[in-house]
Amino acid sequence: DPRLSEHALVETGITPLVNRTATLTRGGVDLDLVGLEDLSAGGDRGPDFRLLGRKPETFKICLSHQPRTWHDVAEAGADLMLAGHTHGGQVVVPFFGPLLTLSDVPRHVAAGGVHELGPVRVHVSRGVGMERGSAPQIRFFCPPEICLLTLRY
């Protein structure tokens, strides 16, 4: 249950960015980190894309579990979207790409990296884990990754 994970973070003094915004200021320039709820949260919870349009003059980084929300994120005014979910496909066939991505973004986007999709740049991380449930617990030609992105103003 995602609410239990959020509760555990809050108990340690960390504020989860779940449909929330944190503004960072450096050198008089604001940068908004906007965390969206996951599409699969269920119930009355869902991503609040309106958060991205509140300050049009501010550079906005959207944190979204699933890259398939990129259309809404771009339309709402984000400059950069950081996502995961696909695990890079876990099983990649050389010269073809991932066999299965569980996302409707183009295969090359779901495979990972930084891509321009319309007016927004999207970074999809392969992450370090694997799909749970009925999916095979393997990675083939898809090494886990922890990404370090450098933003320049």
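Residues numbered from 1 in each chain as written. Predicted model: local features only at pLDDT ≥ 70, side-chain atom pairs only at ≥ 80, totals over all residues. Heavy atoms only, no water.

Chemist: How should the nonpolar core be read in this particular structure?
Modeler: Across soluble globular proteins, nonpolar side chains have a tendency to be buried as a group. W70, V73, M81, V120 and V122 are the most contacted members of the largest nonpolar core, which totals 19 residues. At the level of secondary structure, the elements contributing two or more residues to this core comprise α2 (70–76), β4 (80–83), α3 (107–110) and β8 (120–124). Contacts of M81, omitting those with residues within four sequence positions, involve C62, S64, Q66, P67, T69, W70, V73, V120, R121, V122 and H123. (Core = buried A, V, L, I, M, F, W, Y, C linked by side-chain atoms within 4.5 Å. Buried < 20%, exposed > 50% of the residue type's maximum accessible area, 1.4 Å probe, protein only. Helix = DSSP H or I, 4+ residues; strand = E, 2+ residues; numbered from the N terminus. Contact = heavy atoms within 4.5 Å.)

Chemist: Sorry, what's going on with the pairing of β4 here?
Modeler: In regular strands, side chains alternate between the two faces of the sheet. With three bridges joining them, strand β3 (residues 59–63) and β4 adopt parallel strand pairing. Note that in β4 the partner of L63 across the bridge is L82. Crossover handedness for the path β3 to α2 to β4: right-handed. Relative to β8, β4 runs parallel, the two being bridged by four bridges. When the bridges of β8 are listed, M81 appears paired with V122. (Pairing = 2+ DSSP bridges. Right-handed = clockwise from strand over helix to strand, strands pointing away.)

Chemist: So what exactly am I meant to see when it comes to the pattern of salt bridges here?
Modeler: Two side chains of opposite charge can pair, provided their charged atoms sit close to one another. Inspection of the entire model under this criterion finds five salt bridges. Across the pair E37 and R45 runs a salt bridge, and its minimum N-O distance is 2.3 Å. Across the salt bridge formed by E145 and R126, the nearest N and O atoms sit 3.4 Å from each other. Taken together, the positions of E145 in the segment after β8 and R126 in the segment after β8 put the pair 19 residues apart, joining distant regions of the chain. (Salt bridge = Lys/Arg side-chain N within 4 Å of Asp/Glu carboxyl O.)

Chemist: In this structure, what is going on with unusual backbone geometry? I would like to understand it.
Modeler: Negative phi characterises most residues that are not glycine, and trans characterises most peptide bonds. Of note, the phi angle at H87 is positive, near 55°, even though the residue is not glycine. If you trace the backbone, H87 turns up in the loop between β4 and β5 (92–93). Positive phi is not limited to glycine here, since F141 has a value of about 55°. In this fold, F141 is placed in the segment after β8.

Chemist: I tried to follow the sheet that holds strand β1 (residues 20–26) on my own but got confused; where do I start?
Modeler: Think of a sheet as strands paired side by side through backbone hydrogen bonds, with each pair either parallel or antiparallel. One open sheet accounts for six strands, arranged β1-β2-β3-β4-β8-β7; its pairing is mixed. The two strands at the open ends of the sheet, each matched to only one other strand, are β1 and β7 (113–117). Across this sheet, the average inter-strand angle for adjacent strands is 20°, counted without regard to direction. (Axes fitted to C-alpha atoms, helices over the stretch in contact; angles between N-to-C directions.)

Chemist: Honestly, the state of the cysteines in this entry has me stumped. Any pointers?
Modeler: What is meant by a disulfide is a covalent connection between two cysteines, made through their sulfur atoms. Across all of its chains, the model carries zero disulfides by this definition. Between C62, a cysteine without a disulfide, and C147, which holds the nearest cysteine sulfur, the sulfur-to-sulfur distance is 16 Å. (Disulfide = S-S within 2.5 Å.)

Chemist: Looking at this structure, I do not really get a nonpolar patch on the surface. What am I missing?
Modeler: On the surface, a nonpolar cluster with roughly 480 Å² of combined accessible area is contributed by V93, F96, L99, L100 and L102. Mapped onto the elements, L99 comes out in the loop between β6 (97–98) and α3. (Patch = residues over 30% accessible without salt bridge, like charges linked within 9 Å, V, L, I, M, F, W, Y side chains within 5 Å. Areas by Shrake-Rupley, 256 points an atom, 1.4 Å probe, with all protein chains shown as cover.)

Chemist: Hey, could you run me through the side chain of D38 in this one?
Modeler: Secondary-structure assignment places D38 in the loop between β2 (29–35) and β3. Look at D38: it is buried, it has no salt bridge, and the nearest opposite charge is R68 at 7.0 Å. Side chain to side chain, D38 and S40 meet in a polar contact 2.8 Å long. Within the local environment of D38, its side chain forms a polar contact with the side chain of Q66, the two groups lying 3.3 Å apart. In this view, D38 contacts P47, H65 and Q66; residues no more than four positions away in its chain are not counted. (Lys, Arg positive; Asp, Glu negative; His and termini not counted. Polar contact = N/O pair within 3.5 Å; in protein donor to acceptor, adjacent residues only side chain to side chain.)

Chemist: For this particular structure, what's the right way to read the confidence of the model for the protein?
Modeler: Do not read the fine detail of predicted coordinates wherever pLDDT is low. The share of residues in the protein with pLDDT of 70 or more is 97%, and the mean pLDDT across the chain is 90. Across the protein, element-level confidence peaks in β4 with a mean pLDDT of 98 and bottoms out in helix α1 (residues 2–11) with 78. (pLDDT = per-residue confidence, 0-100.)

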